[in-house]
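The lines below spell out each chain.
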Amino acid sequence: MPQLLTQNQIMGKSTGFLEFNRETPHYRAPEERVKDYNAIEVNFSEEKTVQQASRCMDCGIPFCHNGCPLGNVIPEFNDAVYQEDWELAIEILQETNNFPEFTGRICPAPCEASCVLGINQPPVAIEHIEKSIAEKAWEMGLILPQPPKKRTGKKIAIVGSGPAGLAAAAQLNYAGHYVTIFEKERYAGGLLRYGIPDFKLEKWVVERRIDLMKREGILFKTGVEVGADISVEALDEYDVLVLCGGSTIPRDLPIPGRELTGVHYAMDFLTRQNKKVSGEGIEGLSDIRAEGKDVVVIGGGDTGSDCVGTSNRHGAKSVTQIELLGKPPQDRSVDNPWPEWPMTLRTSSSHQEGCERKWSLLTKAFLGDAYGKLRALQLVEIEWKKDPETGKHKFVELPGSEKEIPCELALLAVGFLHPKRKGMLDKLGVELDARGNIKTENYQSSIPHVFSAGDMRRGQSLVVWAISEGRECARAVDEYLMGSSTLAQKDHSMVEV
């Protein structure tokens, strides 16, 4: 591992945070970018990136390490960028993160939320710096295939090619095992390819990484659903099975009118659009279009925001996003201090393109016309109150606040419940936890040679957590097969003493 800064060393420019304000790439004008699905950022000079890296202060205890699920060694790679030593920067970054080109684009950056500078100033632009390191490394030819020098002879099957499956595959391949990834879709990438819109993550970025993994010796079998297209028994030739299929069963909203035409799950909407953008086509599935319609996105998270951006690109008549919870504050509240994740109002690039946002609203019914098509939503305002006995918050409906709003397309973005059970999981017979996810101990399921990582194991979460899970699971698999492992283990230590 590269040499880390010690307690007696300081960052290359100890006054950088006093000299430069936070600055990140600007976006293309909303009226321009809604006309296409290309990346929304404009070019940001290397000189400015170096300036931003210099803002990383000599804080003594870098809480950003603890904020990052991967344990990225952030002050060290910031210092390397300030010194313009890109080779060292990517070496440090790749010690903990297999796919910095992904996290540098789509991670919500919990590291920035816990940045010490962020106590009273805008935090260091860690996410942008991470992306810049990755792209500079690709440009300089520093990211190259690294096939193992020798093979162990052990064979591993990984089900699912999302970030958890890809990370597990990369690590296990580095350890010298033969790795095969099974993916039910036509192309690999999981939600990186099918769930996240191109304007946030262009798919050439995903394809570039997968092509490199193929050249490292990883075998991809796409268009193959385990438990349907091939039997579970067909995988008996593998020494270990790693399940990384994600949390795929969406949470429904079973209220009157749910059967009306025009009510859809958010991920169905996003997946079909991503397939169309890539030229893959939707293969007989009904198209879900927002153009000319009053669209309401139910759910205030990132998936809902992606639906807003996609609806605007379709040419929706109006876009409204509603949320059950109350409107978050602009700044941290007293009971949400640094370095906790800030429960504050966030406005995404999609919101900036056009969206009316409403909070503390409960959807009571979907209302249809005489032809069974959605025409409106029946809503009621709610108030959240703390139960004095349990200490938990619950809502009450406000009398006389019911109203209708026009809606011809409703997109349900209210989260996911658990992985699909029918098929592979039922046939394997692995034990599930109370939430319906795969129950594990150190990533090992109730069946000794079956492991699991990512949303399929921990429930719906972030891309950065999926990569972390894949890496940690790979180490557990390597130890199971070989008795010990040389794969990197996550380390949240702040400094090397």
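Owing to the predicted nature of the structure, the values given are computational and were not obtained by experimental measurement.

Explain the overall build of the protein chain to me, please; I cannot follow it from the model alone.
A tally of regular secondary structure across the protein chain gives 18 helices and 16 strands. Computed over its C-alpha atoms, the radius of gyration of the protein chain comes to 24 Å, within 12% of the 23 Å expected for a compact globule of 497 residues. By its C-alpha atoms, the protein chain is 70 × 60 × 50 Å across when sized along the principal axes. Out of the 497 residues belonging to the protein chain, those deemed buried represent 52%. The long-range fraction of contacts in the protein chain, counting pairs at least 24 apart against all pairs at least 6 apart in sequence, stands at 68%. Accessible surface, the protein chain: about 22800 Å² in total, of which carbon and sulfur atoms supply 49%.

What exactly am I supposed to notice about the sheet that holds strand S1 (residues 155-159) here?
Two orientations exist for strands paired in a sheet by backbone hydrogen bonds: parallel and antiparallel. A sheet is described by the order of its strands in space; here five strands give the open sequence S3-S2-S1-S4-S16, paired in parallel fashion. Edge positions in the open sheet fall to strand S3 (219-222) and strand S16 (450-452), since each of these has one partner strand only. Averaged over all pairs of adjacent strands, the angle between strand axes in this sheet comes to 20 degrees, irrespective of strand direction. In the sheet, strand S2 (residues 178-183) pairs with S3 via four bridges, with the strands oriented parallel. Paired with Glu183 across the two strands is Thr222, which belongs to S3.

It is not clear to me how the sheet that holds strand S14 (residues 409-412) should be interpreted in this structure. Could you clarify?
As summarised here, the arrangement of the five strands in space is S6-S14-S7-S8-S9, forming an open sheet in which the pairing is parallel. If you trace the sheet from one side to the other, it starts and ends with strand S6 (263-265) and strand S9 (356-358), each paired once. Here the average twist between neighbouring strands, direction ignored, is 20 degrees. Of the pairings in the sheet, the one linking strand S7 (residues 294-298) to strand S8 (residues 318-322) comprises five bridges and is parallel in character. Looking at S8, one finds that Val296 is bridged to Thr320. Along the sheet face, helix H13 (residues 266-278) touches S6 and S14 and points at about 75 degrees away from the line of S6. Its contacts with the sheet put helix H14 (residues 302-314) on S7, S8 and S14, and the angle it makes with S8 is roughly 175 degrees.

Sorry if this is basic, but what is going on with the nonpolar core here?
The tendency in soluble globular proteins is for nonpolar side chains to be buried side by side. Core analysis: the largest hydrophobic core is formed by 73 residues, its most contacted members being Ile133, Ile158, Leu192, Val242 and Val477. For this core, the element with the most residues is helix H18 (residues 463-482), which contributes nine residues. With sequence-adjacent residues up to four places away left out, Ile133 is seen in contact with Phe77, Val81, Trp86, Ala89, Ile90 and Leu93.

Hey, could you run me through the packing of helix H3 (residues 46-54) against helix H9 (residues 126-139) in this one?
The packing of two helices is summarised by the inter-axis angle and the distance between the axes. With their axes 10 Å apart at the nearest point, H3 and H9 run at an angle of 130 degrees to one another. The angle between the axes of H3 and H9 places the two elements in the oblique class. Once H3 is placed against H9, the crossing between them reads as left-handed. Judged by residue contacts, Glu46, Thr49, Gln52 and Ala53 of H3 engage His128, Ile129, Ser132 and Lys136 from H9.

Teacher, can you tell me more about the packing of aromatic side chains here?
Given two aromatic rings, one states the distance between the centres and the angle between the planes to describe the pair. A complete count under the given rule lists five aromatic pairs for this structure. Between the aromatic rings of Phe63 and Trp338, the centroid separation amounts to 4.8 Å while the plane-to-plane angle is 65 degrees, which identifies the pairing as edge-to-face. Linking Phe63 in the loop between H3 and helix H4 (64-67) with Trp338 in the loop between S8 and helix H15 (349-352), this pair joins segments that are 275 residues apart in sequence. Using a relative accessible area of 22% as the deciding quantity, one classes Trp338 as partly exposed. Relative to Tyr238, the ring of Phe182 has its centre 6.1 Å away and its plane inclined at 90 degrees; by these criteria the two rings are edge-to-face. A residue pair is termed long-range when its members are at least 10 positions apart, and Phe182 in strand S2 and Tyr238 in the loop between S3 and strand S4 (240-243) qualify at 56 residues. As far as burial versus exposure is concerned, Phe182 and Tyr238 are alike and both buried. Positioned above the aromatic ring of Tyr238 is the side chain of Lys155, whose terminal nitrogen or guanidinium carbon lies 5.2 Å from the ring centre. Taking the ring centre of Tyr265 as reference, the NZ or CZ of Arg258 above it sits at 5.1 Å.

I tried to follow the pairing of S7 on my own but got confused; where do I start?
When a strand is regular, its side chains alternate between the sheet's two faces. Here S7 lies mainly inside the structure; five of its five residues are buried. A two-sided burial pattern is seen for S7, the buried positions comprising Asp294, Val296 and Ile298 on one face and Val295 and Val297 on the other. Since S7 and S8 lie parallel, the crossover through H14 that links them has a hand, and here it is right-handed. Both S7 and S14 contribute to a ladder of four bridges, which runs parallel. Each bridged residue has a counterpart across the sheet, and for Val296 the counterpart in S14 is Ala410.

Could you clarify how one ought to interpret helix H5 (residues 74-82) in this entry?
Residues spaced three or four apart along an α-helix face the same direction, because each turn holds 3.6 residues. In terms of burial, H5 is a largely internal element, eight of the nine residues being buried. Inspection of H5 places Ile74, Pro75, Glu76, Phe77, Asn78, Asp79, Ala80 and Val81 among the buried residues, and these make up the whole buried set. If you follow the buried residues of H5, they end up packed against H3, H4, helix H6 (86-94), helix H8 (110-113) and H9. Of the residues one or two after H5, Glu84 is the one with positive phi, at around 60 degrees.

What counts, and where the lines are drawn
- Residues numbered from 1 in each chain as written.
- Predicted model: local features only at pLDDT ≥ 70, side-chain atom pairs only at ≥ 80, totals over all residues.
- Heavy atoms only, no water.
- Helix = DSSP H or I, 4+ residues; strand = E, 2+ residues; numbered from the N terminus.
- Rg over C-alpha atoms; globule rule 2.2 N^0.38 Å.
- Buried < 20%, exposed > 50% of the residue type's maximum accessible area, 1.4 Å probe, protein only.
- Contact = heavy atoms within 4.5 Å.
- Areas by Shrake-Rupley, 256 points an atom, 1.4 Å probe, with all protein chains shown as cover.
- Pairing = 2+ DSSP bridges.
- Axes fitted to C-alpha atoms, helices over the stretch in contact; angles between N-to-C directions.
- Core = buried A, V, L, I, M, F, W, Y, C linked by side-chain atoms within 4.5 Å.
- Parallel < 35°, antiparallel > 145°, perpendicular 65-115°, else oblique.
- Left-handed = near helix turned anticlockwise from the far one by under 90°.
- Phe/Tyr/Trp six-rings, centres within 6.5 Å; stacked < 30°, edge-to-face > 60°.
- Lys NZ or Arg CZ within 6 Å of the ring centre and 35° of its normal.
- Right-handed = clockwise from strand over helix to strand, strands pointing away.

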